Amino acid sequence: MFEQLDTFIIRYEELSELLSDPEVISDTQRLMELTKEEADLRPKVEVFRRYQRIQEELAETEELLSESLDDDMAKLAKEELSDLKTEIEELEEQIKVMLLPEDPNDDKNIIMEIRGAAGGDEAALFAGSLFEMYSKFAESQGWRVEVMDANITGIGGYKEITLMITGQNVFSKLKYESGAHRVQRVPSTESQGRVHTSTATVVVMPEMEEVDVSIADKDIRVDIYHASGAGGQHVNKTASAVRLTHIPTGIVVAMQDERSQLKNREKAMTVLRARVSDKLSSEAQSEYDASRKSAVGTGDRSERIRTYNYPQNRVTDHRIGLTIQKLDQILSGKLDEIIDALILADQAEKLEKINDGNS
């Protein structure tokens, strides 16, 4: 563990020198890459240096206790020794978490798809509530939300909506949101006050660049057609809508929101890359049953991950047994408590597997 940390410190010191090199400063792309690497390493290095300082203080305190001390000094030294040992243990746990294998997609932007599932109009309205919740959370994080495609129902909900969320470490925080979300509430049309249950599904996929996912032109069928629905006169006059079909997987993506056929094709290609990558990674992961039975879930689209109960102002995440009586706050975008708990549960599970492997 400490050999790995020594490597981090050596690399961190190298980066500090490189970032002051005029050649690096003049190369914008390389400067951005090295700055990001330095920022990622900094917290690890700071914790390890703190650990080293505490180790030195611990050795000094133990040496002090080996000398002849009066009772008061001995008592103070023992108290300090106890505090230092506690801090050492806490820092060791922190270091173990920092050294867990990183998800290579954690710093990526995401494509999020929200669909009304079981429950008709209520499911579509709930899909709209989830869209607002994630949009507000994204705003609180300083992220940007772009609606790429939306199928709006007559009552204002969404049969389905596709978003791109861009910003820092978006996937790392929202990757646990994939699955079936259940809502329990009294519909506005319900005269007897009965609680109805509806569901909406959420799919979170990291945005993939061309270098991440190679899709050959021969594997894509492109259909161009006239857009339909709201959007003004240009909708029916211009053949701007694009439908891409990935022949090997059968995945179909259609875009018609933009006036430009080129822009619709770019958007469709972005979603297609994400969906193809998601399908391939899910198939590969399914070969390892144990890895798909984690506490925070497998990303299985049919897995019910969370219930939003309006009458009791309650949200329950079923994967980690977390219940919060703050439904109104959660729906207003204050998701940090749930997301932090899911991240901690995932880290704890990975640490447990490492400890079991070492025992």
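Structure: above.
Worth saying up front: this structure is predicted, and the values here are computed from it rather than measured.

Reading the values: the criteria
- Residues numbered from 1 in each chain as written.
- Predicted model: local features only at pLDDT ≥ 70, side-chain atom pairs only at ≥ 80, totals over all residues.
- Heavy atoms only, no water.
- Helix = DSSP H or I, 4+ residues; strand = E, 2+ residues; numbered from the N terminus.
- Contact = heavy atoms within 4.5 Å.
- Areas by Shrake-Rupley, 256 points an atom, 1.4 Å probe, with all protein chains shown as cover.
- Buried < 20%, exposed > 50% of the residue type's maximum accessible area, 1.4 Å probe, protein only.
- Pairing = 2+ DSSP bridges.
- Axes fitted to C-alpha atoms, helices over the stretch in contact; angles between N-to-C directions.
- Core = buried A, V, L, I, M, F, W, Y, C linked by side-chain atoms within 4.5 Å.

**Q** Before we go on, may I ask you to explain the overall build of the chain in this structure?
**A** A tally of helices and strands in the chain yields ten helices and eleven strands. A separation of at least 24 residues holds for 60% of the contacts in the chain among residues at least 6 apart in sequence. In the structure as shown, the chain presents an accessible area of about 20,100 Å², 47% of it carried by carbon and sulfur atoms.

**Q** Looking at this structure, I do not really get the pairing of strand β4 (residues 179–185). What am I missing?
**A** A regular strand carries its side chains on alternate faces of the sheet. Of all seven residues in β4, seven are buried; the element is thus mostly enclosed. The pairing of β4 with strand β5 (residues 196–206) spans seven bridges and is classified as antiparallel. Counted as the bridge partner of Ala 180 is Thr 201 from β5. Across five bridges, the pairing between β4 and strand β9 (residues 304–309) is parallel. The residue of β9 that forms the bridge with Val 183 is Tyr 308.

**Q** Just to check I follow, could you spell out the sheet that holds strand β7 (residues 241–246) for this structure?
**A** The strands that make up a sheet pair up through hydrogen bonds in the backbone, lying either parallel or antiparallel. As summarised here, the arrangement of the three strands in space is β6-β7-β8, forming an open sheet in which the pairing is antiparallel. At either end of the open sheet lies a strand with only one pairing partner, and these are β6 (220–225) and β8 (251–255). Across the sheet, the axes of successive neighbouring strands diverge by a mean angle of 15°, strand direction being ignored. Strand direction decides the pairing type here: β6 and β7, joined by six bridges, are antiparallel. Counted as the bridge partner of Tyr 225 is Ala 241 from β7.

**Q** How should I be thinking about the sheet that holds strand β3 (residues 158–166) in this particular structure?
**A** Ordered in space as β2-β3-β1-β5-β4-β9-β10-β11, the eight strands form an open sheet in which the pairing is mixed. In the strand order of this sheet, the two ends are held by β2 (144–152) and β11 (322–324), each with one partner. The sheet shows a mean angle of 15° between the axes of neighbouring strands, taken without regard to direction.

**Q** Help me out: how do you make sense of the nonpolar core in this one?
**A** Within soluble globular proteins, side chains that are nonpolar tend to cluster in buried spots. Core analysis: the largest hydrophobic core is formed by 34 residues, its most contacted members being Met 112, Ile 114, Leu 130, Tyr 134, Leu 174 and Tyr 308. The set of elements that each furnish at least two residues to this core consists of β1 (110–116), α5 (121–141), β3, α6 (170–174), β5, α9 (327–331) and α10 (336–358). Ranked by the residues each element gives to this core, the list is headed by α5, at eight residues. With residues near it in sequence (within four places) discarded, Ile 114 still touches Ala 127, Leu 130, Phe 131, Tyr 134, Lys 159, Glu 160, Ile 161, Leu 163, Thr 201 and Val 202.

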